[in-house]
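Chain and residue survey
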Amino acid sequence: MTTALCPGSFDPPTNGHVDVIERAIQTFDRVVVAVVDNPSKESLFTTGERVAMLEELFGDEVEVGSFTGLLVDYAGEVGADVVVKGLRTVDDYEYEVQMSQMNRHLTGMETVFMATRSEWSFISSSLVREVAKLGGSIGGLVPGAVEKALQERLA
Ligand code: PNS
């Protein structure tokens, strides 16, 4: 059985995240989605709220957890075999490849990259937050439940 770990900030989860997680579900036997809990980084949604949103989106198709500290330590705790990350752009590539090399250096953890579907390649959580804060439409960029949560948070 192969377990994939899909980590991220998910502040908030976007359609790009959903696409990569759904493809991980199709590809691996077990999928754990991990929300990083970084108290030094200001977030729009609490870690608990982000975990709850992901649980609502995927039901029992995945396990959702949160972690502090090193990703590779959490991967060991949940028995993950590979980390799965989405790649949108060249900028993502440079950062993500460095992280994957560090993670392999630390514990031998492998990373599998999935190219984001082209229709989602311009979406990031930070852009979604910015557009929503400035009153723009985020319809079609995030799941409906996330859109509602954003509207309520920013009202
Ligand atoms: O959604 P993001 O912000 O791209 O997710 C980045 C994340 C959470 C995967 C990355 O920051 C991470 O792994 N943080 C945990 C700390 C860690 O292990 N740092 C060393 C990585 S090489």
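Scroll up for the structure.
Residues numbered from 1 in each chain as written. Predicted model: local features only at pLDDT ≥ 70, side-chain atom pairs only at ≥ 80, totals over all residues. Heavy atoms only, no water.

Another aspect to go through is a nonpolar patch on the surface. On the surface, a cluster of nonpolar side chains totalling about 280 Å² of accessible area is made up of L70, M102 and L106. Secondary-structure assignment places M102 in helix α4 (residues 90–107). A relative accessible area of 48% means that M102 is categorised as partly exposed. (Patch = residues over 30% accessible without salt bridge, like charges linked within 9 Å, V, L, I, M, F, W, Y side chains within 5 Å. Areas by Shrake-Rupley, 256 points an atom, 1.4 Å probe, with all protein chains shown as cover. Salt bridge = Lys/Arg side-chain N within 4 Å of Asp/Glu carboxyl O. Helix = DSSP H or I, 4+ residues; strand = E, 2+ residues; numbered from the N terminus. Buried < 20%, exposed > 50% of the residue type's maximum accessible area, 1.4 Å probe, protein only.)

A large share of strand β2 (residues 30–36) lies buried, amounting to five of its seven residues. Where strand β1 (residues 3–8) lies against β2, six bridges are found, and the strand directions are parallel. In the sheet register, P7 faces β2, and the bridge partner there is A34. Note on the crossover from β1 through helix α1 (residues 15–27) to β2: the handedness is right-handed. (Pairing = 2+ DSSP bridges. Right-handed = clockwise from strand over helix to strand, strands pointing away.)

On to the pairing of strand β4 (residues 82–87). Burial analysis of β4 places five of its six residues in the buried class, which makes it a mostly covered element. Where β1 meets β4, two bridges bridge the pair, whose relative direction is parallel. What sits directly across from A4, in β4, is V82. Both β4 and strand β5 (residues 110–115) contribute to a ladder of six bridges, which runs parallel. If you follow V84 over to β5, its bridge partner there is V112.

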